[in-house]
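The lines below spell out each chain.
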Amino acid sequence: SFYDIPDSFTGAGQTLDIAAQPGTRRSPYRFSLTEPYLFDTRNSLTIAGSVLTIIRRDYFEDRASFTPSIAHAFDFDRDFVFALGHRLEEVHIHRVELDAPSDAVEARGHTTVIAANTTVGYDKVLYEYLEGPYDGTNSEILYEYAGEPLGGEVDFHKGELTNDFYYPLYTFDSGPDTLHHVISLNNRFGII
């Protein structure tokens, strides 16, 4: 019923992320919804979408993407996760000036990117309610393939390795009022 709505989104672990960052040169908008225990299993489902506008000096770039994924947490260690995902993205390059880079001139118009990806991750990050991560590491390896066999207009292979490290320098108070001063190091290496 309508009166159950306030309690409908508490206690089951679902995550809803909505981000809007309008800017003069770059404007990303993102939405994602994660169900962590799909059908009461150790499988999770994430539905995500984003819109990005980048105003470059010589051309404009608009991207709209839809990226669902399903992941499985293993029984021997729930922090070890394997995921399969999909990316459907529409890229629009327009307002291309005469002195724009040759890549932008060649990509002018609409391009459809359809890709499949797989990720292996190990997440040992500790979070504080309303404060965020304060200790631990998160490591991920991603492989993504896009190509005409999947129905897209571009072909590529992409590999990415990320590692996020959080270390609490100072802790103030204890219990639910704990505040952490944290240093974080985020590393990302990729090749396409």
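Above this text you will find the structure in question.
These notes cover the structure that comes with them. It should be emphasised that the depicted structure is a prediction, and the values quoted were computed from it without experimental measurement.

1. Here we look at the overall build of the protein chain
And then number 1: Looking only at helices and strands, the protein chain has two helices and eleven strands in total.
And then number 2: Listed N to C, the secondary structure of the protein chain is α-β-β-β-β-β-β-α-β-β-β-β-β in terms of helices and strands.
And then number 3: For the protein chain, the spread of C-alpha atoms along the principal axes amounts to about 60 × 40 × 40 Å.
And then number 4: Considering the protein chain as a whole, with its 192 residues, one finds that 29% of them fall into the buried category.
And then number 5: The contacts in the protein chain between residues at least 6 apart in sequence include a share of 45% that link residues at least 24 apart.
And then number 6: Accessible surface for the protein chain amounts to roughly 13200 Å². Of this, 59% is attributable to carbon and sulfur atoms.

2. Here we look at the environment of H181
And then number 1: On the secondary structure map, H181 appears in strand β11 (residues 179-191).
And then number 2: Given a relative accessible area of 47%, H181 falls into the partly exposed group.
And then number 3: Taking the C-alpha atoms as reference, H181 lies 34 Å from I54; in sequence the two are 127 residues apart.
And then number 4: Beyond its immediate stretch of four places on either side in the chain, H181 contacts Y167, P168, L169 and Y170.

3. So, unusual backbone geometry
And then number 1: Here the phi dihedral of F39 falls at roughly 55°; this positive angle occurs in a residue that is not glycine.
And then number 2: Position of F39 relative to the elements: it lies in the loop between β2 (26-35) and β3 (43-55).
And then number 3: Classification of F39 as exposed rests on a relative accessible area of 73%.
And then number 4: Despite not being glycine, D40 shows a phi value in the positive range, around 60°.
And then number 5: Along the polypeptide, D40 turns up in the loop between β2 and β3.
And then number 6: When its relative accessible area of 76% is taken as the criterion, D40 is described as exposed.

4. Let's talk about the packing of aromatic side chains
To describe a pair of aromatic rings, you give the distance between the ring centres and the angle between the ring planes.
And then number 1: As enumerated under the stated definition, the model contains four aromatic pairs in all.
And then number 2: An angle of 55° between the planes, with centres 6.5 Å apart, marks the rings of F80 and Y122 as tilted. Highlighted residues: F80 in strand β6 (residues 80-94) and Y122 in strand β7 (residues 109-123), separated in sequence by 42 residues.
And then number 3: Exposure remark for F80: the relative accessible area of 26% places this residue in the partly exposed category.
And then number 4: These aromatic residues form a ring-pair network of at least three members: F74, F76, F80 and Y122.

5. Describing a nonpolar patch on the surface
And then number 1: Together, F165, Y167, L169, Y170, F172, L179, I183 and L185 make up a nonpolar patch on the protein surface, roughly 810 Å² of accessible area in all.
And then number 2: The set of elements that each furnish at least two residues to the nonpolar patch consists of β10 (156-172) and β11.
And then number 3: The dominant element in the nonpolar patch, judged by the number of residues it contributes, is β10, at five residues.
And then number 4: Mapped onto the elements of the fold, Y170 is located in strand β10.

6. Regarding the pairing of β2
Both faces of the sheet carry side chains from a regular strand, because those side chains alternate between them.
And then number 1: Bridging between strand β1 (residues 15-20) and β2 involves six bridges; their strand directions are antiparallel. Directly across from I18, in β2, lies its bridge partner F31.
And then number 2: Adjacent in sequence and paired antiparallel, β1 and β2 are bridged by five residues.
And then number 3: As paired strands, β2 and β3 are joined by ten bridges and run antiparallel to one another. Each residue of the ladder has a partner; that of T34, found in β3, is T46.

Procedures and definitions
- Residues numbered from 1 in each chain as written.
- Predicted model: local features only at pLDDT ≥ 70, side-chain atom pairs only at ≥ 80, totals over all residues.
- Heavy atoms only, no water.
- Helix = DSSP H or I, 4+ residues; strand = E, 2+ residues; numbered from the N terminus.
- Buried < 20%, exposed > 50% of the residue type's maximum accessible area, 1.4 Å probe, protein only.
- Contact = heavy atoms within 4.5 Å.
- Areas by Shrake-Rupley, 256 points an atom, 1.4 Å probe, with all protein chains shown as cover.
- Phe/Tyr/Trp six-rings, centres within 6.5 Å; stacked < 30°, edge-to-face > 60°.
- Patch = residues over 30% accessible without salt bridge, like charges linked within 9 Å, V, L, I, M, F, W, Y side chains within 5 Å.
- Salt bridge = Lys/Arg side-chain N within 4 Å of Asp/Glu carboxyl O.
- Pairing = 2+ DSSP bridges.

Nothing here speaks to function; it is all geometry.
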